[in-house]
Amino acid sequence: MTRTSLGLCALYILTALWLAWCALTTWGHVPTWVSILDVAASVVMVIAVVRDSELAEERRFVAKLLAREARRTAQEAPPADGAPLDADEQAAFGEIAEHWDDRSAA
């Protein structure tokens, strides 16, 4: 996780703890739905922490896949790298050159 994500998760956790504390201290002194709403809001904060940690894990996994693919493509030679032609390629090129000469002479 990045520092920003860690800070945001810490803020989420502190907010969840604050809302849970408010729900406990006000239980019985305010309408019940207010305390239930505080508990529900604190659960939403916990869900946000889980979501952020899963997003960070997914980003880490994608970065690992991209790095692996970059290493793999760096090891392969590009298709038109100027390497000498093998025998089959030279024969095919010779046939093309012969037909080209025939067409240009006409």
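It should be noted that the structure appears before, not after, this text.
Position numbers for residues start from 1 in each chain and track the written sequence from start to end. At least 70 in pLDDT is required for a residue's local features to be given in this predicted model, at least 80 for side-chain atom pairs to be given and counted, and no such filter applies to totals for whole chains, interfaces and linings, which use all residues. Only heavy atoms go into the side-chain values, all of them from the structure, while hydrogens and water stay out.

Caption draft 1: Region of interest: the packing of helix α1 (residues 3-26) against helix α2 (residues 32-75). Orientation is described by axes fitted as lines to C-alpha atoms, over the contacting stretch for helices, and by angles from 0 to 180 degrees between their N-to-C directions. In this text, helices come from DSSP runs of H or I with a minimum length of four residues, and strands from runs of E with a minimum of two, each type numbered from the N-terminal end. Running from N to C, α1 and α2 point in directions that differ by 160 degrees, and their axes come no closer than 8 Å. As far as their axial angle goes, α2 and α1 are roughly antiparallel. In the packing of α1 onto α2, the handedness of the crossing is left-handed. Taking contact as the criterion, the partners of L8, C9, Y12, I13, T15, A16, L19, A20, C22, A23 and T26 in α1 are, on α2, S35, D38, V39, A41, S42, M45, V46, A48, V49, R51 and D52. Angular relationships are summarised with four words: roughly parallel below 35 degrees, roughly antiparallel beyond 145, roughly perpendicular across 65 to 115, and oblique for the angles in between. Take the far helix as your reference; a near helix turned counterclockwise from it by less than a right angle gives a left-handed crossing, and one turned clockwise gives a right-handed crossing. Here, two residues are considered to be in contact whenever any of their heavy atoms come within 4.5 Å of each other.

Caption draft 2: The environment of M45, seen in detail. Here M45 lies in helix α2. In this structure the C-alpha to C-alpha distance between M45 and C9, which are 36 residues apart in sequence, comes to 8.8 Å. For M45, the residues in contact, after removing those within four places along its chain, are Y12, T15 and A16.

Caption draft 3: Local environment of the side chain of D38. Position of D38 among the secondary structure elements: in helix α2. Each residue gets one of three labels from its accessible area relative to the maximum for its type: buried under 20%, exposed over 50%, partly exposed in between, using a 1.4 Å probe on protein chains only. None of His or the chain ends enter the tally, which takes Lys and Arg as positive and Asp and Glu as negative. Salt bridge, as applied in this entry: a Lys or Arg side-chain nitrogen positioned within 4 Å of an Asp or Glu carboxyl oxygen. One buried charged residue, D38, remains without a salt bridge, the closest side chain of opposite sign being R51 at 20 Å. Discounting chain neighbours no more than four positions away, the residues touching D38 are L19, C22, A23 and T26.

Caption draft 4: Structural view of α1. Expected helix span is given by 1.5 Å per residue-to-residue step, counting one fewer step than there are residues. For α1, spanning 24 residues, the distance from its first C-alpha to its last is 34 Å, which sits close to the expected 34 Å at 1.5 Å a residue. Taken together, the buried positions of α1 are occupied by S5, C9, Y12, A16, L19, C22 and A23. Those residues of α1 that are buried are in contact with α2. Positioned one or two residues after α1, G28 has a phi angle of 95 degrees, which is positive.

Caption draft 5: Structural context of the pattern of salt bridges. A full pass over the atoms with the stated rule returns two salt bridges. Two residues, D52 and R51, come together in a salt bridge whose shortest N-O distance is 3.3 Å. For D52, a relative accessible area of 11% puts it in the buried group. Accessibility expressed as a relative area gives 45% for R51, which makes it partly exposed.

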